[in-house]
Amino acid sequence: MPIESQKSIIYLDNNATTRPDPDLLAELVQLIQNDQFPWGNASSIHLQSRDPKNTLRETRRLFAEIFHCQATELIFNSGASEGNNTVLKSVWQSLGQSKNEFLISKVEHPSVIKAAEYIQSLGAVIKWIPVNRKGQIDLEFIKNNISNQTALVSVMFANNETGSLFPISTISEIIKPHGALLHVDCVQALGKEKLNLQELRIDYATFSGHKFYSLQGCGVLFVRRGSPLVNLIHGGGQERGRRGGTENILSVWSFQQMLPLLKWLEAKNHEVRKLRDHFEMNIQNKITGVTITAHEGLRLANTSSLVIQDVDGETLLMSLDLKGFAISTGAACSSGNPEPSPVLLSMGLSRDEAQSSLRVSLGWHTKPQEMDSFILALVEVVERIRKIKTEAEEKKSHAG
Ligand SMILES: Cc1ncc(COP(=O)(O)O)c(C=O)c1O
């Protein structure tokens, strides 16, 4: 699609992917035009490998400095799905014989849930940690189920659908005396919440560049020194033999460009929260039967998960898409799947509620005018859908 027509879209699906930062793209064009882009293979030994090697080294160094870890504890991969799979399969393969229990929250991303189901099929015992309607994780469940048989506890920093934040430092305090390893999916927290891998005593953390205004195709996996790690991709000796395959230098480079902007992005959250709250207040005033999922608990500033009574989420999404608004009804990975969101069902919402849900996720660039246009459009579309539904029901009852 030409860039011009993309401009008319109001993009409110930033938890699915973020639009690459415009300055980053401009810089990239400049580098390409000047033939300065680091296109070589970092594993080669001739001069052309120097720039990509530097890109990898500098990105690792910056990342380690910001998140308080060692550069050698970081592995570049294709994204967080790969990272999450690597963690669960590594721990099972390395420790499964002696410790076979895993505590995993019920609302994790499918790349954690499905990897957990896979190791379960091999013999792992998975204890699913409940999460309530407010988006709060059941700490009592963790306290009652943690033991020296627990190999790994896997929880997310922030939920991609509701924005709910989990109390990682409390979870860490509960589980560490039992010798369990801690994996935190940090994908949605990057650039939105403060993260200190050292202080939180995290053993594994997964990150993805495309949720952080850089290009798709690059993830970072943090593995604390000494924690088990099994290589899922055998190949060349890349990443110190821990993950085969030529690194995606273009994407890593774009990730590196965004890292210095982290503090600026975190500061922007204040404005983003104001805009999100303005949206939620207006929608609740203008449309009847709207509830905001998990609004009582701590949430990401940019995320709003709504249930709009008597309106089918898919119909709403398609009508808004036609009007030029990009939103989501649940995780992007499950769109096209008519089943209601497993995350919302796990939190105790009914099928009807989950089917009437909508996720709006703002970015740092979202403008007040864009939110106001969205409010107008949402009000109009909901009224229209409800009217059509009422007329159809009336017609049916007359016919009956
Ligand atoms: C919380 C969370 N974890 C993991 C992923 C998967 O990330 P990737 O697209 O890099 O594989 C996503 C993507 O939606 C996510 O939101």
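Residues numbered from 1 in each chain as written. Predicted model: local features only at pLDDT ≥ 70, side-chain atom pairs only at ≥ 80, totals over all residues. Heavy atoms only, no water.

1. Considerations on the site of the ligand
Move 1: Inspection of the region around the ligand gives 13 residues, with S81, D185, S208, H210 and K211 positioned closest.
Move 2: Separating a nitrogen atom of the ligand from a side-chain N or O atom of D185 is a distance of 2.6 Å.
Move 3: One of the side-chain nitrogen or oxygen atoms of S208 is found 2.6 Å away from an oxygen atom of the ligand.
Move 4: Notes on the ligand: free accessible area 400 Å², of which the protein chains cover 88%. (Near = heavy atom within 4 Å. Polar contact = N/O pair within 3.5 Å; in protein donor to acceptor, adjacent residues only side chain to side chain. Areas by Shrake-Rupley, 256 points an atom, 1.4 Å probe, with all protein chains shown as cover.)

2. A few points about the packing of helix 4 (residues 80–95) against helix 5 (residues 110–121)
Move 1: Two numbers describe how helix 4 lies on helix 5: the axes approach to 9 Å, and their chain directions differ by 25°. Comparing the axis directions of helix 4 and helix 5 gives the class roughly parallel. For the element pair helix 4 and helix 5, the recorded crossing hand is right-handed. Touching A80, S81, N84, N85, L88, K89 and W92 of helix 4 are S111, V112, A115, A116, Y118 and I119, all from helix 5.
Move 2: Of the residues belonging to the contact of helix 4 with helix 5, the class tally is 8 nonpolar, 4 polar and 1 charged. (Axes fitted to C-alpha atoms, helices over the stretch in contact; angles between N-to-C directions. Helix = DSSP H or I, 4+ residues; strand = E, 2+ residues; numbered from the N terminus. Parallel < 35°, antiparallel > 145°, perpendicular 65-115°, else oblique. Left-handed = near helix turned anticlockwise from the far one by under 90°. Contact = heavy atoms within 4.5 Å. Nonpolar A, V, L, I, M, F, W, Y, C, P; charged D, E, K, R; others polar.)

3. Observations regarding the domain arrangement of the protein
Move 1: Its domain assignment divides the protein into domain 1 (3–19 + 262–392) and domain 2 (22–261).
Move 2: Using C-alpha coordinates to define each centre, domain 1 is positioned 27 Å away from domain 2.
Move 3: Across the contact, 37 residues belong to domain 1 and 35 residues belong to domain 2.
Move 4: With both chains or domains summed, domain 1 and domain 2 bury close to 3100 Å², and 54% of this area falls on carbon and sulfur atoms.
Move 5: Its largest share of buried area at the contact with domain 2, domain 1 owes to L262, L300 and M347, together 23% of the area lost on that side.
Move 6: The interface formed by domain 1 and domain 2 contains 2 salt bridges.
Move 7: A salt bridge links R133 to E353; its shortest N-O distance comes to 2.9 Å.
Move 8: In this assembly, domain 1 and domain 2 are joined by 24 residue pairs in polar contact (both at pLDDT 80 or more).
Move 9: Among the secondary structure elements, those contributing two or more residues to the side of domain 1 that touches domain 2 are helix 10 (262–286), strand 10 (303–308) and helix 12 (342–346). (Domains from an automatic or database assignment. Buried area = accessible area lost by both parts, 1.4 Å probe. Salt bridge = Lys/Arg side-chain N within 4 Å of Asp/Glu carboxyl O.)

4. Let's talk about the state of the cysteines
Move 1: Within this structure, the stated rule accounts for 0 disulfides.
Move 2: Among the cysteines around C69, which has no disulfide bond, C186 carries the closest sulfur, lying 11 Å off.
Move 3: Assessed through its relative accessible area of 11%, C69 is described here as buried.
Move 4: C218 takes part in no disulfide bond, and the closest cysteine sulfur, belonging to C69, lies 14 Å away.
Move 5: Residue class for C218 comes out buried when judged on its relative accessible area of 1%. (Disulfide = S-S within 2.5 Å. Buried < 20%, exposed > 50% of the residue type's maximum accessible area, 1.4 Å probe, protein only.)

5. With respect to helix 5
Move 1: Here helix 5 is 12 residues long and its end C-alpha atoms lie 16 Å apart, about the 16 Å a rise of 1.5 Å per residue gives.
Move 2: Burial in helix 5 covers these residues: S111, V112, I113, A115, A116 and I119.
Move 3: Looking at the residues trailing helix 5, positive phi occurs at G123, about 125°. (Expected span 1.5 Å × (residues − 1).)

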